[in-house]
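Residue-level structure breakdown
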Amino acid sequence: MLGGREMDLSYLAQVIINGVLIGGLYALIAIGLSLIWGVMEIVNFAHGDYLMAAAFFSYIFWSYAGLDPLISLPLIIIIFLSIGFGTQKFIMRRLMDSPTLITIAATFALSLIIRYGFFIVFKPDYRVIRDPLLQGSLHISSISIPIAKIITLLVALVTIILLFLFLKYTKKGKAIRATAQDREVAKSLGVNVEQIFLITWGLGIACVGIAGTMLSTFYYVFPLMGVTFVLIAFASVTLGGFGSVHGAVFGGLVIGLIQQLGGAFVSPALKDVFVFAVFILVLMFKPKGFFGKY
Amino acid sequence: MKNGMNFFKKGKWLFLILIALVILPNFLKDEPYILHVFIMTFVYLSLAQAWNLIGGYAGQISFANHAFFAIGAYTSTMLLIHLNLTPWIGLFAGVVIAMCIAYLLGSQLLHLKGHYFAVATIAFAEILKLIFLSWKGVGAAYGLSLPLKMPSFYYLMWTSKLPYYYLFLIVAITSTILIYTIDRSKGGMYFRSIKQDEDGAEHRGIDTSYYKLLAFMISAGICAMIGTFYAQYILYICPRSCIDIMMSTKCILIVLFGGLGTVVGPVLGACILIPLGEYTRIKLGGGGQGWDYIIYGILILIIVLYRPEGIYSILRRYKKNVQKMLRG
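Residues numbered from 1 in each chain as written. Chains lettered and ligands numbered in written order. Predicted model: local features only at pLDDT ≥ 70, side-chain atom pairs only at ≥ 80, totals over all residues.

**Topic: the overall build of chain B**
Assigned secondary structure in chain B consists of 14 helices and 2 strands. For 328 residues, the compact-globule estimate of 2.2 N^0.38 gives 20 Å, and chain B sits close to it at 20 Å. Here the C-alpha coordinates of chain B stretch approximately 65 × 55 × 40 Å along the principal axes. By residue count, 47% of the 328 residues in chain B fall in the buried class. (Helix = DSSP H or I, 4+ residues; strand = E, 2+ residues; numbered from the N terminus. Rg over C-alpha atoms; globule rule 2.2 N^0.38 Å. Buried ≥ 20, exposed ≤ 12 C-beta atoms within 10 Å, placed from the backbone.)

As structure tokens, then:
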């Protein structure tokens, strides 16, 4: 039998591990939002619904073609890259110089169309991918860690590192950062800003596509799932500072930890209250977040 | 003189519409559903006017309308249940509480620009919703049923929908007149200048933070008032139906659709979008849930892409052409 103290410690360790695991996923969701926010000053209110759509794609591939989410992941990345391009090409491109409210309304309209489109086709039921490749848990003394979540964290880390390297060392990546810093100057230096916007939307939506697919391996899939995640993504992005890769990672991890610790030690029903309270406090005292723009 | 004539013409039309709105429901006594659609249109018209003030005139994108609405609904309901107080006092208390919260929130958050203020208000509303969902004192997730009283003006409860129809008609007209008055006042000019160029307005000596706060508080007060009336009409409130972000979203969509920062815009928007949404829902039955939102989404996308000034601007241009034709 474990002593009370030891029990508490392993419980704490479990909670922290849960926080880090879910935080990695939040970081991956936040990074796409942060990229679009930073480069174009557009807050994508439909971000959570793209996430939901990705989870549904993964579910559809599983139920109609028998493909495991891990196998359909590359396919979904390509699909979501194109969806991102399409969003910019057909809708957002026309709104580049519009006031904030117009872009918010446009992404909100997109969000309604995506969310309730899936709602009508698939009904509001909760679905689950049964028997995925990733199942079971790792057990270390009394701590248990689901394998699906470990793999999700790894995928998130790989994606984030690749994205970071892309932004840091490639020519296109540098052009993206230049555009984020000053659109006009970048344009005058010969950066094809239109193309950069296209790439940014593509990358941002592809990231959320990866996040949605990984989420579907251990979470329910249902049409209204985006609502909670988009708010958490907002909180992560604001905490880290928009347009910054390590900011989004920091934000995601901190939000994951706050949520799990608050849920475990105060009240599970109020776990998101802490997240939003921290979010408002950060906005009040440090509106630019802890890491600036790139 | 010409202005006077114009006003008379405009006034005549308004007067006719008003008379029709007053007489009409007497023929619809046996059609409670149609009366309900009218009532919901009035509710959203007033809520949209409240949002128009902070969002359309002062240019601050708030997603907290539904939070203040819920504060009004919950305050009067709690007072009615526990102290047996008339909702009229509850209404007053709700408005005061909502305005105080708006003051606290606004004084801390209104300095944020654009997106940041929007997401901060979303976070605030979400916190309120989560707290109400788990707070046993206000019924938690089960919500509160209003105790049934003798049908009377004092308890704001009636057995037929007709008195509610007139109540919400008056609320809608009052809020529209309020926005009209503000539109014509010095304050309205200040709000518009803040929206156009906040730094510029500050340099011209306008106390921008004061005026933004003022708009936010008035807007919150109107929402709380409608919240009380709405609770009295529906007789049941719960966090999932009252503190629903879709309510604020609908208000924004209505204002955008009709015309941002105009008195007529929200009226047009509400009169078109709300009956349209309700109509699709009955046409498609229970399974049609969701279609109304898709139609809203598509309409907004079209408006935003092709006519971001809203449909009022189309009517205005059309009206000018007609006047030109009439003049020959």
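**Structural notes on the overall build of chain A**
Per the secondary structure count, chain A includes 11 helices and 2 strands. Order of helices (α) and strands (β) in chain A, N terminus to C terminus: α-α-α-α-β-β-α-α-α-α-α-α-α. Taken over the C-alpha trace, chain A has a radius of gyration of 19 Å; the compact-globule value for 294 residues is 19 Å, and the two agree within 12%. The principal-axis extents of the C-alpha atoms in chain A amount to approximately 70 × 50 × 35 Å. Evaluated residue by residue, chain A yields a buried proportion of 52% over its 294 residues. Looking at chain A alone, contacts between residues at least 24 apart form 78% of all its contacts between residues at least 6 apart. (Contact = placed C-beta atoms within 7 Å.)

**Focus: helix α4 (residues 100–122) of chain A**
All names here are of chain A. For α4, built from 23 residues, the straight-helix expectation of 33 Å at 1.5 Å per residue is met to within 8% by its first-to-last C-alpha distance of 33 Å. Extensive coverage of α4 is indicated by the burial of 17 of its 23 residues. Count one or two residues on from α4 and you reach Lys 123, which has phi positive near 60°. (Expected span 1.5 Å × (residues − 1).)

**Focus: the environment of Lys 29 of chain B**
Its place among the elements puts Lys 29 of chain B in the loop between α1 (2–23) and α2 (32–57). Between the C-alpha atoms of Lys 29 of chain B and Leu 162 of chain B, which are 133 residues apart in sequence, the distance is 7.3 Å.

**Overview of the interface of chain B and chain A**
With 35 residues of chain B at the interface, the matching set in chain A holds 32 residues. At the level of elements, α4 (87–109), α5 (114–134), α11 (245–258) and α13 (291–306) of chain B are the ones that each hand at least two residues to the side of chain B that touches chain A. For the side of chain B that touches chain A, the leading source of residues is α5 of chain B, giving 15 residues. The class makeup of the residues in the side of chain B that touches chain A is 26 nonpolar, 8 polar and 1 charged. (Nonpolar A, V, L, I, M, F, W, Y, C, P; charged D, E, K, R; others polar.)

**Re the packing of helix α11 (residues 271–285) of chain A against α5 of chain B**
Relative placement of two packed helices is described by the angle separating their axes and the distance separating the axes. For the pair α11 of chain A and α5 of chain B, interaxial distance at closest approach is 9 Å and the crossing angle is 150°. Relative to α5 of chain B, the element α11 of chain A is oriented roughly antiparallel. Considering only the axes of α11 of chain A and α5 of chain B, their crossing is left-handed. Residue-level inspection shows Asp 272, Val 273, Phe 276, Ala 277, Phe 279, Ile 280 and Leu 283 of chain A of α11 of chain A in contact with α5 of chain B, the latter providing Tyr 116, Ala 120, Ala 123, Phe 124, Glu 126, Ile 127, Leu 130 and Ile 131 of chain B. Grouping the amino acids of the contact of α11 of chain A with α5 of chain B by side-chain chemistry returns 13 nonpolar, no polar and 2 charged. (Axes fitted to C-alpha atoms, helices over the stretch in contact; angles between N-to-C directions. Parallel < 35°, antiparallel > 145°, perpendicular 65-115°, else oblique. Left-handed = near helix turned anticlockwise from the far one by under 90°.)

**Side note on unusual backbone geometry**
Residue and element names in this part refer to chain B. Not every positive phi belongs to a glycine, and Asn 84 is a case in point at roughly 55°. Here Asn 84 shows up in the loop between α3 (65–83) and α4. For Asn 84, a count of 10 C-beta atoms within 10 Å gives the class exposed. Positioned with a positive phi, Leu 235 is a non-glycine residue whose angle comes to about 65°. The class of Leu 235 is partly exposed, set by 13 C-beta atoms lying within 10 Å.

**Focus on the pairing of strand β2 (residues 143–146) of chain A**
Successive residues of a regular strand alternate their side chains across the two faces of the sheet. Residues and elements named next belong to chain A. By the bridge criterion, 4 bridges tie strand β1 (residues 137–140) to β2 in an arrangement that is antiparallel. The residue of β2 that forms the bridge with Ile 140 is Ile 143. Between β1 and β2, which follow one another and run antiparallel, lie 2 residues, and Ser 141 among them has a positive phi close to 45°. (Pairing = 2+ DSSP bridges.)

**Some details on the confidence of the model for chain B**
Residue and element names in this part refer to chain B. Here chain B shows a mean pLDDT of 84. Residues at 70 or above account for 94%. At the level of individual helices and strands, chain B shows its lowest average pLDDT in α1, which scores 68, and its highest in α4, which scores 91. Both scores are available for the predicted complex, with the pTM at 0.88 and the ipTM at 0.85. (pLDDT = per-residue confidence, 0-100.)

**Observations regarding helix α2 (residues 47–65) of chain A**
Residue and element names in this part refer to chain A. The first and last C-alpha atoms of α2 sit 26 Å apart over 19 residues, in line with the 27 Å expected at 1.5 Å per residue. Counted residue by residue, α2 has 15 buried out of 19 residues, so it is predominantly covered. Trailing α2 by a residue or two, Gly 66 shows a phi angle of about 70°, which is positive.

**Concerning the packing of α2 of chain B against α11 of chain B**
Residue and element names in this part refer to chain B. Direction vectors running N to C along α2 and α11 enclose 75°, while the axes themselves pass 8 Å from each other. Considering the angle they form, α2 stands roughly perpendicular to α11. For the pair α2 and α11, contact is made by Tyr 44, Leu 47, Ala 48, Trp 51, Asn 52, Gly 55 and Gly 56 and by Lys 250, Cys 251, Ile 252, Ile 254 and Val 255, respectively. A breakdown of the residues in the contact of α2 with α11 according to their chemical character gives 8 nonpolar, 3 polar and 1 charged.

**Points about the environment of Trp 62 of chain A**
All names here are of chain A. Among the structural elements, Trp 62 can be located in helix α2. Taking the C-beta count within 10 Å as the criterion, Trp 62 has 22 such neighbours and is therefore assigned buried. On a C-alpha basis, the gap between Trp 62 and Ser 72 in space is 8.2 Å, while along the polypeptide they are 10 residues apart. Not counting chain neighbours up to four residues away, the residues in contact with Trp 62 comprise Leu 67, Asp 68, Pro 69 and Ile 129.

**Notes on the domain arrangement of chain B**
Residue and element names in this part refer to chain B. When cut into domains, chain B gives domain 1 (1–30) and domain 2 (32–244). Centre-to-centre, using C-alpha coordinates, domain 1 lies 27 Å away from domain 2. Residue-level contacts link 4 residues of domain 1 with 5 residues of domain 2. (Domains from an automatic or database assignment.)

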